[in-house]
Amino acid sequence: MRQILPDAMFIGFTGTPLLRSDRESSLQTFGPYIGTPYRFDEAVEDGVVLDLRYEARDIDQRITAPGKIDAWFEAKTSGLTPVAKATLKQRWGTLQRVLSSKDRLEQIASDIIMDMEMKPRLKSGLGNAMLVAGSIPEACRFFEIFRKSGSVLANKCAIVTSYKRAAPEITGEETGMGETEKQYVHRVYQDLLGETSEEDYEEEALKLFKKEPGRMKLLIVVSRLLTGFDAPTATYIYLDKQMRDHGLFQAICRVNRLDGDDKDFGYVVDYKDLFRNIERAVDDYTSEAFDAFDKEDVKGLISNRVERADQDLLAARDAWFGLLDAVDQPKGDDEIFAYFSSPQGIDCDPEAEEKERRRQALYSLAGRYARAYGNVAAEPAESEFNHLELAGYRNEVERAVGIRDAVRLHSGDAVDLKLYEPAMRHLIDTYIRAEDSKVVSRLDDISLIDLISTKGAAVEDDLPAAAKTKRENVAEAIENNVRKLIIDESPVNPRFYEKMSELLSTLVQQRRGEAIAYAEYLERIAALVRDVKAGHGRSYPDAMNTPGRKALFDNLGEDADLALTVDTAVRATAPHGWRGHAMKERRVKRCLEACLSDQAAVERILEVLKSHSEY
């Protein structure tokens, strides 16, 4: 490069710290740093990447009958010379390790399967994991264990290694003494892939891992994907391979990518005791595995999961109560709704935008507090909090989640009202409401709007307790949700939804003035919702027999002949894929101009047509 570009400036980029052994040569090649190196702990503080939580897990291995093992080894090697026996032992390490390895792998697999059922992000299908095996044969053994486990991982894991099937590799491997490792690996891959190529299999597995984590929960790797592989869904990495320095640094950073509010940390689970200083109670968790780096370059890279869980809980709690400090006393439902929502409707509230920002903070901090509590509650014996303290935190979290749900309902922020993301729902069911078998809400799979339209006056019976403490609050929640539905659907049929909005305002005024009974109000709201969801009224001329024609009729002064003329002309003129295509949209617009004399009507009807797929 210097010969080709003798006067060029060379700039080096690195995503990982320089090894001490490489630092001098790198500085000689490229010169000094441009600015200050941007280190991991700074990136965490800036919110560019997530902090990593470390946990060492020990798999106990025991040999139940060592005498029998020695006898077995002697019998199998009776024809070998002492030198040959020694060579065999050296190749395999120790027989004890070999014979216990299958049991050890099964224990690790059981460990991971348990995590898939217990860790909220893994359980929900929003996050997934990587398992780093020590060799390709071990990766194959792991894969077979999971495939035969009957667990959630049976058909939701994949193996990605550098192995490629080739007939010559197993030529001459047949010994008559059982399957060799090469034969074993070839068989596993052949059974898995059949006629599919390794490349096609891996491409599909990686696509699912990144885009549909619920369908690909675990990738088993050896050396592939440990550098440069970017999958924000990856939340846990299980290490069962000896690694250090750059390789280890890159591997554990596979799980530190941001991926939504429910991913607070990346988790590193170590089965090889790579960070040996854990045993020595040394606070710096980078001393052995990263001893080739300068300490300041890897400062804060990982921290003990159990020790930090208590700290995270207290920090999340402080943030939650800090948000509520601004709510007026006595901080009851009325005060909370007044601070976060718009009891008189968004249109009448000058603080609507500010309250929207407050609600986003509320939803985020309530979820953070619940997740932090779940991390501690999963292993209470490891926590420094006693049972009374944990019970107190549990009650606070349940209240926080209740406030979150009630505010979402009241403000109309969640029209579909699947109140919890799957991970949060699992966490709450497991750790917060574990002692309460009562169904808290029937809104998990049905929206408030659907509930109103089907239940009418009985809608209150199925609302969460936190949302129905006062009829006034229930009515405001319903009105905000219906108003939001009208606004969202308005482009489909503007004139009709304008009428619906006026009708809603009339009903609200009647309720507030106590001009109608509460039950009658709910029934009339339910009828209104059913009309709003239909997108049109109930009485039209016979020719107005499709949603599009009904919308034209409503928005063309209820002129049936004109609506039919426009409908016929547009159907004959509109080319395929005209929406969003400037030239094709102009063609439709010219068609409308030929039917309508008012340019404002042309623009209005064009927007109506865009909202109806029949055109």
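Since the model is a prediction, treat every value here as computed from it, not as a measurement. (Residues numbered from 1 in each chain as written. Predicted model: local features only at pLDDT ≥ 70, side-chain atom pairs only at ≥ 80, totals over all residues. Heavy atoms only, no water.)

A. Representation of the packing of aromatic side chains. Within the structure shown, the criterion is met by 10 aromatic pairs. Relative to phenylalanine 229, the ring of phenylalanine 209 has its centre 6.0 Å away and its plane inclined at 40°; by these criteria the two rings are tilted. Taken as a pair, phenylalanine 209 in helix H9 (residues 198-211) and phenylalanine 229 in the loop between strand E4 (218-221) and strand E5 (234-239) lie far apart in primary sequence, 20 residues in all. In terms of burial, phenylalanine 209 and phenylalanine 229 fall into one category: buried. Ring geometry for phenylalanine 385 against tyrosine 393: centres 5.1 Å apart, planes inclined by 75°, an arrangement best described as edge-to-face. (Phe/Tyr/Trp six-rings, centres within 6.5 Å; stacked < 30°, edge-to-face > 60°. Helix = DSSP H or I, 4+ residues; strand = E, 2+ residues; numbered from the N terminus. Buried < 20%, exposed > 50% of the residue type's maximum accessible area, 1.4 Å probe, protein only.)

B. Region of the structure containing the packing of helix H20 (residues 547-555) against helix H21 (residues 560-573). One can describe the packing of H20 onto H21 by two numbers: an axis separation of 9 Å at closest approach and a directional angle of 130°. Viewed along their axes, H20 and H21 adopt a mutual orientation that is oblique. When you trace H20 past H21, the crossing you get is right-handed. Taken together, the residues of H21 that come into contact with H20 (itself represented by Arg549, Leu552 and Phe553) are Ala560, Ala563, Leu564, Val566, Asp567 and Arg571. (Axes fitted to C-alpha atoms, helices over the stretch in contact; angles between N-to-C directions. Parallel < 35°, antiparallel > 145°, perpendicular 65-115°, else oblique. Left-handed = near helix turned anticlockwise from the far one by under 90°. Contact = heavy atoms within 4.5 Å.)

C. Highlighting the nonpolar core. One finds Ile112, Phe146, Leu218, Leu219, Tyr238 and Leu239 to be the most contacted residues of the largest nonpolar core, which totals 68 residues. The leading source of residues in this core is helix H7 (residues 136-147), at 7 residues. When neighbours within four sequence positions are excluded, leucine 218 is seen to be in contact with Ile112, Met116, Ala129, Met130, Leu131, Phe146, Leu153, Lys156, Cys157 and Ala158. Ala316, Trp320, Leu365 and Ala372 belong to the second largest nonpolar core, which has 30 residues in total. (Core = buried A, V, L, I, M, F, W, Y, C linked by side-chain atoms within 4.5 Å.)

D. Region of interest: helix H23 (residues 599-610). If you check H23, its first and last C-alpha atoms are 17 Å apart, about what 12 residues at 1.5 Å a residue would give, namely 16 Å. Among all positions in H23, only Ala601, Val602, Ile605, Leu606, Val608 and Leu609 are buried. Across the axial projection of H23, the buried residues extend over an arc of 160°, all falling on one side. You can read the cap of H23 off the contacts: a side-chain oxygen lies 3.1 Å from the backbone nitrogen of alanine 600, and it is on aspartate 598. (Expected span 1.5 Å × (residues − 1). Arc of directions from axis to C-beta. Polar contact = N/O pair within 3.5 Å; in protein donor to acceptor, adjacent residues only side chain to side chain.)

E. Spotlight on H9. Counted at 1.5 Å a residue, the expected span for H9 with its 14 residues is 20 Å, and the 20 Å between its end C-alpha atoms agrees. For H9, the set of buried residues is Glu198, Tyr201, Glu202, Ala205, Leu206, Leu208 and Phe209. One face of H9 carries all of its buried residues, which in axial projection span an arc of 160°. Looking at H9, the residues exposed on the side facing more than 90 degrees away from the buried face are Glu203 and Lys211.

F. Here's a closer look at the side chain of serine 124. If you trace the backbone, serine 124 turns up in helix H6 (residues 120-124). Taking relative accessible area as the criterion, serine 124 reaches 17% and is therefore assigned buried.

G. The state of the cysteines, seen in detail. This model, assessed by the stated rule, comprises 0 disulfides. In this structure cysteine 595 is not part of a disulfide, and its nearest cysteine sulfur, from cysteine 591, lies 5.0 Å away. The exposure class of cysteine 595 is partly exposed, given its relative accessible area of 24%. (Disulfide = S-S within 2.5 Å.)

H. Structural view of unusual backbone geometry. Here glutamine 329 and proline 330 are connected by a cis peptide whose omega angle stands at 5°. Here proline 330 is to be found in the loop between helix H11 (305-324) and helix H12 (333-340). At lysine 331, a position not held by glycine, the phi torsion is positive, near 60°. Secondary-structure assignment places lysine 331 in the loop between H11 and H12. Residue classification places lysine 331 among the partly exposed residues on the basis of a relative accessible area of 24%.

I. Seen up close, the pattern of salt bridges. Across all of its chains, the model carries 30 salt bridges by this definition. We note a salt bridge from arginine 308 to aspartate 312, for which the minimum N-O separation is 3.9 Å. In this pair, arginine 308 and aspartate 312 are both assigned in helix H11, 4 residues apart and thus about one turn of the helix distant. Given a relative accessible area of 15%, aspartate 312 falls into the buried group. Residue arginine 571 pairs with glutamate 614 through a salt bridge whose shortest N-O separation is 2.6 Å. With arginine 571 in helix H21 and glutamate 614 in the segment after H23, this pair connects stretches of sequence that are 43 residues apart. For glutamate 614, a relative accessible area of 26% translates into the label partly exposed. One connected set of salt bridges, linked through shared partners, spans Asp51, Arg53, Arg308 and Asp312. (Salt bridge = Lys/Arg side-chain N within 4 Å of Asp/Glu carboxyl O.)

J. Focus on a nonpolar patch on the surface. A surface patch of nonpolar side chains, about 570 Å² in accessible area, is lined by Met9, Ile11, Phe13 and Ile34. Checked against the element boundaries, isoleucine 11 lands in the segment before helix H1 (20-30). (Patch = residues over 30% accessible without salt bridge, like charges linked within 9 Å, V, L, I, M, F, W, Y side chains within 5 Å. Areas by Shrake-Rupley, 256 points an atom, 1.4 Å probe, with all protein chains shown as cover.)

K. Expanded view of the side chain of arginine 57. Tracing the backbone through its elements, the reader meets arginine 57 in the loop between strand E1 (52-56) and helix H3 (66-76). Looking at arginine 57, its side chain comes within polar contact range of the side chain of aspartate 115, at 3.0 Å. Residues contacting arginine 57, with those up to four places away along its chain left out, are Asp111, Asp115, Lys119, Tyr238, Val269, Asp270 and Tyr271.

L. View of the pairing of E5. Counting buried residues along E5, 6 of its 6 residues qualify, which places the element largely inside the surrounding structure. Where strand E2 (residues 128-132) meets E5, 5 bridges bridge the pair, whose relative direction is parallel. Within the sheet, the bridge partner assigned to methionine 130 lies in E5 and is isoleucine 237. Where E5 and strand E6 (residues 266-270) come together, 4 bridges link them in parallel fashion. If you follow isoleucine 237 over to E6, its bridge partner there is valine 268. (Pairing = 2+ DSSP bridges.)

M. Quick look at the environment of aspartate 405. Mapping aspartate 405 onto the fold places it in helix H14 (residues 387-411). Put simply, aspartate 405 and alanine 366 are 39 residues apart on the chain and 9.9 Å apart in space, counted from C-alpha to C-alpha.

N. Representation of the packing of H12 against helix H13 (residues 352-377) in the model. It is the contact of H12 with H13, at a shortest axis distance of 8 Å, that shows an interaxial angle of 115°. Seen from H12, the contacting residues are Ala338, Tyr339 and Phe340; seen from H13, they are Lys355, Arg358, Arg359 and Leu362. Tallied by class, residues from the contact of H12 with H13 come to 4 nonpolar, no polar and 3 charged. (Nonpolar A, V, L, I, M, F, W, Y, C, P; charged D, E, K, R; others polar.)

O. Here's a closer look at the environment of leucine 552. Relative to the assigned elements, leucine 552 resides in helix H20. Spatially, the C-alpha atom of leucine 552 lies 9.6 Å from that of arginine 495, the residues being 57 residues apart in sequence. In this structure leucine 552 touches Ala563, Val566, Asp567, Ile605, Leu609 and Tyr615, once residues within four positions along its chain are discounted.

That is the geometry; function is a separate question.
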